[in-house]
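Below are the chains, spelled out letter by letter.
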Amino acid sequence: MEAAPLLEIRELSKVFSDADNRVVALNDISLTVYEKEVYGIVGMSGAGKSTLIRCINRLDTPNAGRVLFRGQDILTMDRRQLLSVRRKMGMIFQQFNLLMQRTVGQNVCYPLEIAGIKHTQANSRVSELLDIVGLQDKLNAYPAQLSGGQRQRVAIARALASNPEVLLCDEATSALDPMTTQSILTLLQDINRRLGITILLITHEMAVIRQVCDRVAILDDGEVVEEGTVNEVFMHTKSQAGKRLFGVLPQEARDDPGIPALRIVFDGAAAGKPIISRLSQETNVAVNILSANMNHLGGKVYGQMLIEVPKDERDTRAVVRFLTEHGLTVKEVNT
Amino acid sequence: MSWEQLTPVLLEGLWDTLYMTVPSTLIAYLVGMPLGILLVATATGGIRPMLRFNALLGMAINFLRSVPFIILLAMLFPVTRAVMGRAIGTRAIIFPLTISAFPYVARMVENSLVEVDRGVIEAAQSMGSTDWQIIRKVLLPEAFPSLLNGAAICMVTILGYTAMASTAGGGGLGALAITKGLNMRNFPLMYSASLILVALVQIMTFFGNRISRKSDHRKK
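Residues numbered from 1 in each chain as written. Chains lettered and ligands numbered in written order. Predicted model: local features only at pLDDT ≥ 70, side-chain atom pairs only at ≥ 80, totals over all residues.

Draft legend 1. Looking closely at the overall build of chain A. Broken down by element type, chain A carries 11 helices and 14 strands. For chain A, the spread of C-alpha atoms along the three principal axes comes to 75 × 50 × 45 Å. Counting over 335 residues, chain A shows a buried share of 40%. A separation threshold of at least 6 residues defines the contact pool for chain A, and within that pool the share at least 24 residues apart is 68%. (Helix = DSSP H or I, 4+ residues; strand = E, 2+ residues; numbered from the N terminus. Buried ≥ 20, exposed ≤ 12 C-beta atoms within 10 Å, placed from the backbone. Contact = placed C-beta atoms within 7 Å.)

Draft legend 2. The sheet that holds strand E5 (residues 72–73) of chain A, seen in detail. Residues and elements named next belong to chain A. Pairing is antiparallel in the open sheet, where four strands are placed in the order E2-E1-E4-E5. The sheet is open, and its two borders are formed by strand E2 (22–34) and E5, each paired with just one other strand. Two elements, strand E4 (residues 64–69) and E5, share two bridges in a ladder whose sense is antiparallel. In the strand pairing of E5, Phe69 is matched with Gln72. (Pairing = 2+ DSSP bridges.)

Draft legend 3. Geometry of the pairing of strand E6 (residues 89–93) of chain A. Residue and element names in this part refer to chain A. Along E6, five of the five residues are buried, which leaves the element largely enclosed by surrounding structure. Here E6 shows no split at all, with Met89, Met91 and Phe93 on one side and Gly90 and Ile92 on the other all buried. For E6 and strand E7 (residues 166–170), the ladder comprises five bridges, and the chain directions are parallel. Within E7, the residue paired with Ile92 across the bridge is Cys169.

Draft legend 4. Structural context of the confidence of the model for chain B. Across chain B, the average pLDDT comes to 94, with 99% of residues at 70 or higher. Taken together, the chains of this predicted complex give a pTM of 0.82 and an interface ipTM of 0.90. (pLDDT = per-residue confidence, 0-100.)

Draft legend 5. Broad picture of unusual backbone geometry. Residues and elements named next belong to chain A. In this structure, Glu11 takes a positive phi of about 45° despite not being glycine. Mapping Glu11 onto the fold places it in strand E1 (residues 5–17). One non-glycine residue, Glu171, lies in positive phi territory at about 50°. Assignment of secondary structure puts Glu171 in the loop between E7 and helix H6 (178–195).

Draft legend 6. Representation of the domain arrangement of chain A within the structure. Partitioning chain A into domains gives domain 1 (5–244) and domain 2 (255–333). Relative placement of domain 1 of chain A and domain 2 of chain A: their C-alpha centres are 36 Å apart. (Domains from an automatic or database assignment.)

Draft legend 7. Local environment of the pairing of strand E10 (residues 223–229) of chain A. Residue and element names in this part refer to chain A. Sheet analysis places strand E9 (residues 215–220) next to E10, joined by six bridges and oriented antiparallel. Of the residues in E10, the one forming a bridge with Arg215 is Thr229. Here E9 folds back onto E10, and the loop between the two strands holds two residues, one of which, Asp221, carries a positive phi near 50°.

Draft legend 8. Representation of the interface of chain B and chain A within the structure. Of the residues lining the interface, 20 residues belong to chain B; the matching set on chain A comes to 21 residues. Elements with a minimum of two residues in the side of chain B that touches chain A: helix H6 (118–126) and helix H7 (131–162) of chain B. Looking at the side of chain B that touches chain A residue by residue, the classes come out as six nonpolar, eight polar and six charged. (Nonpolar A, V, L, I, M, F, W, Y, C, P; charged D, E, K, R; others polar.)

Draft legend 9. Fine view of helix H5 (residues 148–160) of chain A. All names here are of chain A. Its 13 residues place the ends of H5 18 Å apart at the C-alpha level, agreeing with the 18 Å of an ideal helix rising 1.5 Å per residue. In terms of residue burial, H5 counts as a mostly covered element, since 10 of its 13 residues are buried. Listed in full, the buried residues belonging to H5 are Arg151, Gln152, Arg153, Val154, Ala155, Ile156, Ala157, Arg158, Ala159 and Leu160. Residues of H5 that are buried make contact with E6, helix H3 (104–114), helix H4 (119–132), E7 and H6. (Expected span 1.5 Å × (residues − 1).)

Draft legend 10. Geometry of the environment of Thr283 of chain A. Residue and element names in this part refer to chain A. Following the sequence through the fold, Thr283 ends up in helix H10 (residues 275–283). With 230 residues separating them in the primary sequence, Thr283 and Ile53 have C-alpha atoms 49 Å apart. With residues up to four places along the chain from it excluded, the contact list for Thr283 reads Asp315, Ala318, Val319 and Phe322.

Draft legend 11. Spotlight on the sheet that holds E6 of chain A. Residue and element names in this part refer to chain A. Judged by pairing direction, the sheet is mixed, and its six strands sit side by side in the order E6-E7-E8-E3-E9-E10 without closing on themselves. Among the strands making up the open sheet, the edge pair consists of E6 and E10. Sheet twist, expressed as the average angle between the axes of neighbouring strands with direction ignored, equals 15°. Sheet topology places strand E3 (residues 38–42) next to strand E8 (residues 198–203); five bridges connect them, and they run parallel. Note that in E8 the partner of Val38 across the bridge is Ile199. (Axes fitted to C-alpha atoms, helices over the stretch in contact; angles between N-to-C directions.)

Draft legend 12. Quick peek at H6 of chain A. Residues and elements named next belong to chain A. Its 18 residues place the ends of H6 25 Å apart at the C-alpha level, agreeing with the 26 Å of an ideal helix rising 1.5 Å per residue. Among all positions in H6, only Thr181, Ile184, Leu185, Leu188 and Ile191 are buried. Along the long axis of H6, the arc covered by the buried residues comes to 115°, so they all point the same way. Set apart from the buried face of H6 by more than 90 degrees, the exposed residues are Met179, Asp190, Arg193 and Arg194. In the segment just after H6, Gly196 is the residue with positive phi, at about 65°. (Arc of directions from axis to C-beta.)

Draft legend 13. Representation of the environment of Val42 of chain A in the model. Residue and element names in this part refer to chain A. Its place among the elements puts Val42 in strand E3. Val42 gets classed as buried once you count the C-beta atoms within 10 Å, which come to 28. Once residues within four sequence positions are removed from consideration, Val42 is found in contact with Thr203, His204, Met206, Ile209, Val216, Ile218, Leu219 and Leu245.

In structure tokens:
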């Protein structure tokens, strides 16, 4: 089944400049988001993620390039067309950006109001939307009375009100604690699957990408340095930026082990098995863990581990064989 | 002067004061509010940046604000006569009061509106709001508590200006305190008129603050 492209970004560039400074925020970005997928853009802060997502609905205007939504160029649209296309794109933000003087219900109603939808119709739509995000009982509460996670749920309900085709998420979970992040990500996944809404999200957290995205682009210094399915990019990270984000490369050079080591990649296949202790028992090699960056998501283990290469070469081969047999990817570093 | 004689004089003064203050404030808002909105909308980072226009408007408003009221009052005599039918008197003075107050109101409104979170405006833009919808449904309601506080401050300022009405033949408590109180050595009249002015300011400030706080949903 070939999915149709929903958003096509072509040779997009954005330069911020004033009298004495010129900052290239986006440099020749091209990527395609297909219908009904969850696409993630990940990068360190300052990589240009926010600028990129804001160029998609023209909150920022790029200097060059094209942004096509169902084949129509958003950047050449007149104001009226732009407003109608914006109503087909929902957007949520790191800081939620709710109207603080309106109740939850009135916030969710806002997009319906500006689209001129009748009161009775709007009201039933609002309760339907609050049902989706699980906040039926907060209809008359004000945002100030809600927790961060609840506020983001209201923002999601509001973004969905106009029946958008795509939901743009600008660091939507970055202001939330890990537990709340999980529940918001689950909700986004649910929305993608149940309502068939395409999601484009940007984040600096690899865990977010791993949990919800189908495909990912790594943005570094205004350029796409890597793109592909999450598994592909995760398993065979090529770029320096990607390795830094995955925690494979130490963030700072002095954390480098400096000695021959084996890098073990956990991609979720070796589910919850105490693989390292079994490795020691079964191969009779004492494993010296140099560093580990592991995440447990949905009962699976994701991450990277660096272990010291055993002194004896036969031991090394045994270790590599054991790990490969158990579905892990092993690479030698500094050898 | 006994209290029996003082009371009707003071009541008439109070009426004249309110007769000058309230309409001037309302008309000043009618003119100043759209200008304040324009100042915010056309500024850098506003919803419709027009920097050249914004700078010109800002300059014009500053110019009007910098003319002392007493001078403006005299300068405007011919215009006041043309607009209000006569240049002096309690009713006529509403015109110069309005002229001097609306630039102040514009700045006050601007101050309230710039407080509205930029992110909230962007969220509204991302939903496909027109500029007018953002002004009407986002900027003004979100800034409402602050606008109300500003309105109370503007009203108090205009109330202060009415004291100078006596120089153009206007009435009110200020005129009473100066012409019939101070100049004619009627100190009971001077003090009681002044006290009522003080009370008016207190009442306006108190209710302005109270309603502002009551209408603000940002705190739990």
